[in-house]
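Residue-level structural notes
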Amino acid sequence: MQYEAVIGIECHVELKTKSKMFCACPNRFGGEPNAQVCPVCLALPGALPVANEEAILQVIRAGLAFGAEIPAFSKFDRKNYFYPDMPKDYQISQYDMPLAQGGIVRYWLEDGTTKECRLTRIHLEEDTGKSTHAGSGDGRIAHSRYSLLDFNRAGVPLMECVSEPDIRSAEEAVGFLEALKRTFVQLGVSDVKMEEGSLRCDANVSIRPVGSKDFGTKAEIKNMNSFRSVYRAIESEIARQIAVVAPGGRVMQETRGWDELAGTTHSMRSKEEAHDYRYFPDPDLVPIEVDRTVVARLRSLMADLPIARFERYRESYGLGVAQATQLVDTPQLAEYFDSCVGAGGGGQQAANFVLGDLSRLANETQTPVWESSVAPQDLAELIGLVESKTINSKIAKDLLLRMWNGGGSPKALVEHEGLAQTSDPGAVERFVDEVVAAHPKVVADYKAGKTNVMGFLVGQVMKQSRGKANPALAGELLAQKLG
Amino acid sequence: MSETMELSAAEIARRVNAGDISAREVTDAALAQIDAVDGRLGAYLTRLHDLARVSAGRVDARIKAGEHLPLAGVPVAVKDNMCLAGTRTTCGSKMLEGWVAPYTATAVARLLDAGAIPVGKANMDEFAMGSSCENSALGKTRNPYDLGRVPGGSSGGSAAAVAAYEAAIGMGSDTGGSIREPAAFCNLVGFKPTYGRVSRYGLIAFASSLDQIGPLARSVEDAALAYDVMAGKDPMDSTSVDRPVEPAATALRSDLRGVRVGIVKEFGTQRLGPEIDSLYRRAYLDLERLGATLVDVELPTAEYGLATYYLIAPAECSSNLARFDGVRYGLRVDGEDVGQMYERTRAEGFGPEVKRRILIGTYALSSGYYDAYYVKAQKARTKFGADFKRAFERCDLIASPAASSPAFAFHAKSDPYSMYMMDYYTIPMSLAGLPALSVPCGYVLPEGSSRPMPMGLQLAAPLFGEVQLLAAANAYECATQHARQQRPEGAL
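Fair warning: this is a prediction, and the values are worked out from it, not measured in the lab. Numbering of residues starts from 1 in each chain and follows the order in which that chain's sequence is written. Going through the entries in the order they are written, you letter the chains from A and number the ligands from 1. Side-chain atom pairs in this predicted model are given and counted only at pLDDT of 80 or more, local residue features only at pLDDT of at least 70, and totals for whole chains, interfaces and linings cover all residues.

1. A look at the overall build of chain B
Of regular secondary structure, chain B possesses 15 helices and 11 strands. In terms of overall dimensions, chain B is globule-like: its C-alpha atoms have a radius of gyration of 21 Å, near the 23 Å expected for 492 residues. Overall, the C-alpha framework of chain B stretches about 65 × 55 × 50 Å when taken along its three principal axes. Split into buried and exposed, the 492 residues of chain B put 63% on the buried side. By the convention adopted here, residues are in contact when the distance between their C-beta atoms, placed from the backbone, does not exceed 7 Å. Considering only intrachain contacts with a sequence separation of at least 6, the fraction spanning at least 24 residues in chain B is 76%. A helix here means a DSSP run of H or I that spans at least four residues, while a strand means a run of E at least two residues long, and both kinds are numbered starting from the N terminus. The size measure is the radius of gyration over C-alpha atoms, and the globule rule it meets is 2.2 Å times the number of residues to the 0.38 power. With C-beta atoms placed from the backbone, the exposure class of a residue follows from how many other C-beta atoms lie within 10 Å of its own: 20 or more, buried; 12 or fewer, exposed; in between, partly exposed.

Okay, here's the thing in structure tokens:
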């Protein structure tokens, strides 16, 4: 029997706000342990939370980006469970009235096909501190001799995005996560770095016979800390479940951890051991009334989303998947590209320059393209010069380097230094004659049938003309002369 | 006892501001009184001699520099569930026996900034759970009117301190009656403002949606003075209300003309026995004599007050008290692993009443019971608000007993339910968030005792009706002068 996977993703994204979710402590990654703490985020007796408006607005923007509904009313709830790095022994989260409901994430795969995954909700909560368990061998709390606690991260705003089970493969799961990442980076709400823990995700995986509409029993996969491990973990879990189900076995509902080294998932806890979180509305926080005019304003300020950009690049400029993805992945680069195209630089040419020569210069000089002295309008001008055959591509490369080093407008450079390509047959013919006269042996070889020396001769014409001769014309004239 | 300690807070502030007496002299008198009587009384868990003298020095300097401070030099007893930087803040619990607060509660800070002198941290029922102070794990507080009786609770230490002239103002917190009941037991005015009027920042939470800080004082005027200083929006407490605070101390009245006072049908006093019944009938007649019109009002939800309260308050406390886990501060009892450490710490750190409420609350919030208990209780709570709203269409204030009996003897209420019943009259107002106070209304002779024990009249007003409430209480107090008819001999 053929099986298909049914996958839903839950991911936690640390928001990039100035201060923590419920206190004025700075929201910064790392730092000396327990240096970014106060009575509120340490949950000292008597301290009270006050919600961070910036974080609430960021979640609303994230919701709007995916077309989610932003309810007029939302609230915070307490999720109660004991853990040493959770100072209050409850987490302030959102249970039944999240800030954003529904929405659709559109994403693409490596072959360029686009997919959709519905979102269930996006809600706001707070992060825990960090535990370092010592003496247990495997870094886990069981059997550890002692634990070190760092509360710098406690209270950092955390946005949780929950998807519907619309994903059908590991590749789609990664495509979905990449779409979230791109969107959040573009919105500026998070750094979305899995290695720093600013993006963490769990996957709910089940399988069913192809064609079936029912859902199988799911396992929740945790501990995946890169897109690659998400891919591998899901592949491995699908294979495991098929191996259980195919001979007639049953998948247990449980939480499984991904083991990067072993390349497999292992059982962490079963459904029976699941917590009863005793959610209830947090009486320390007043309900959130979301101002409709604020939502309307945020919606109107929403820029082009990555998927829209991707499709535009593909459809309007015919860019390949790789080039379109590369541009979209760096919003500033995409904006640079858009400005260049807007100023008249042809799409494919602009992409070639931006991702080719300019990106290489950027790497070499450690200066982002969008901060370089090559304004997108200047690049468009350069492309115009190439397309009108005013200069050839060799000159264009040289010019670009000079522009990068502060040379200014390419048109001015071309005019000032007389670099325009010449297609005047009389002028080019002079160069051709000179070259023919200077290389009698090569000419003889050509006449004897070694036509592959033509490239050399054209090159000599270009050299003689200091790059200005139209190479196609030079080739034609040479062929006539030697024919 | 120095005569200074018999002065009202208002008079102390007037004299200190006028330069007739220094804050330092008042403070020394208060500390002397504490040293003289508190060994017998046990109002304070921590005496703050050094801090008090330093604070007094600062106040004197400010007065000298020309400042006018509304509570200049007024000695204040701070309930030990309010943080005061650098002082031990125990909540009456072994859990926090050695914990020194690194920050100061907003309400305390406002009082101190207005010139008040913190002379001690007052005893209380553990985590404010109780009505007699007997649930304190750290000390026994006696009623200054009869040392064989309880001072009430949970703000019993603050009440005893003010009644025994060990402070002029007591800071209390009231969740279901914890200011009003001890005020009634100790012949004081005890005032719980509207929920949200006074910041809870730095008040160690029992039940967040009900907790409210307020003053205990020997007169309505003093209570009003303290309230005026502590009330107002605090950016550190999102449940504090952003609404202008009209000063109450300057709006006190001497009559009740035009005031309609509601008497709640369901709060009938016959069941409290003939002596208490006639005491309250007399009190209501006194209100009428002052110009008030008495009207009968109904509170059909009244009998569900205790049940509602004892679901919501424990539910919130089960979560609020989770943080006392031995990890970061307070008591830690080590175990084989972190789970056992939690269990041992909480088993040793919390007393039986606290554990009972954590269990009730955990149960009420559990999956499968949440709708039947917590959600239903919230619905009932909404109903309380609606019922009061309807009642206040027919009256301006509601009058009732503050407690079901006078102060009782130690160990007299051994089963929890009879203790809970003490708050029968105060809980409905707490559920509705209303401002309410207790004002002395006479004495009764408890069975087998020759010492008359004070009783309190509860007056409640619509939300944010503090000024009208205090004005009316002042009229009643001035006309009756009940508090002056007995002295707290036990502590003098």
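Having seen it, we continue.
2. Thoughts on the pairing of strand 12 (residues 219–224) of chain A
Residue and element names in this part refer to chain A. Summarising the sheet, strand 11 (residues 199–209) and strand 12 pair through four bridges and their orientation is antiparallel. For Val205, the partnering residue across the bridge sits in strand 12 and is Ala219. With four bridges connecting them, strand 12 and strand 13 (residues 254–259) associate as parallel partners. Its bridge partner lying in strand 13, Lys222 is registered against Gly257. Assessed by its sense of winding, the connection that carries the chain from strand 12 through helix 3 (residues 227–245) to strand 13 is left-handed. When DSSP finds two or more bridges between two strands, those strands count as paired. With the strands aimed away from the viewer, a crossover counts as right-handed if its path from the first strand over the helix to the second runs clockwise.

3. Regarding the interface of chain B and chain A
Opposite the 32 residues of chain B that make contact, chain A presents 24 residues. Where the side of chain B that touches chain A is concerned, the elements lending two or more residues are helix 9 (305–320), helix 10 (338–349) and helix 11 (352–365) of chain B. Ranked by residues supplied to the side of chain B that touches chain A, first place goes to helix 9 of chain B with three residues. Residue polarity is assigned by list, with Asp, Glu, Lys and Arg as charged and Ala, Val, Leu, Ile, Met, Phe, Trp, Tyr, Cys and Pro as nonpolar; anything else, Gly included, falls into the polar class. When its residues are assigned to classes, the side of chain B that touches chain A shows 17 nonpolar, nine polar and six charged.

4. Notes on the domain arrangement of chain A
All names here are of chain A. Annotation comment: domain bounds sourced from an automatic or database domain assignment. If you check the domain split of chain A, you get domain 1 (3–296), domain 2 (304–417) and domain 3 (425–482). Between the C-alpha centres of domain 1 and domain 2 the distance comes to 38 Å. At the interface, 12 residues of domain 1 touch nine residues of domain 2. Looking at the side of domain 1 that touches domain 2, the elements with two or more residues in it are strand 6 (104–108) and helix 2 (170–187). With five residues, helix 2 is the largest single contributor of residues to the side of domain 1 that touches domain 2. Taken together, the residues of the side of domain 1 that touches domain 2 break down into five nonpolar, three polar and four charged.

5. Quick notes on the packing of helix 2 (residues 23–41) of chain B against helix 3 (residues 49–64) of chain B
All names here are of chain B. Relative orientation of the contacting elements helix 2 and helix 3 amounts to 160 degrees, with a least axis distance of 8 Å. In terms of axis orientation, helix 2 runs roughly antiparallel to helix 3. The element helix 2 and its partner helix 3 pack so that their crossing is right-handed. Residues Ala23, Arg24, Thr27 and Leu31 of helix 2 pack against His49, Ala52, Arg53, Ala56, Gly57, Val59 and Asp60 of helix 3. Axes here refer to lines fitted to C-alpha atoms; in helices the fit is confined to the stretch in contact. Angles between the N-to-C directions go from 0 to 180 degrees. Between 65 and 115 degrees an angle is taken as roughly perpendicular, under 35 as roughly parallel, over 145 as roughly antiparallel, and anywhere else as oblique. Less than a right angle of anticlockwise turn of the near helix away from the far helix marks a crossing as left-handed, whereas a clockwise turn marks it as right-handed.

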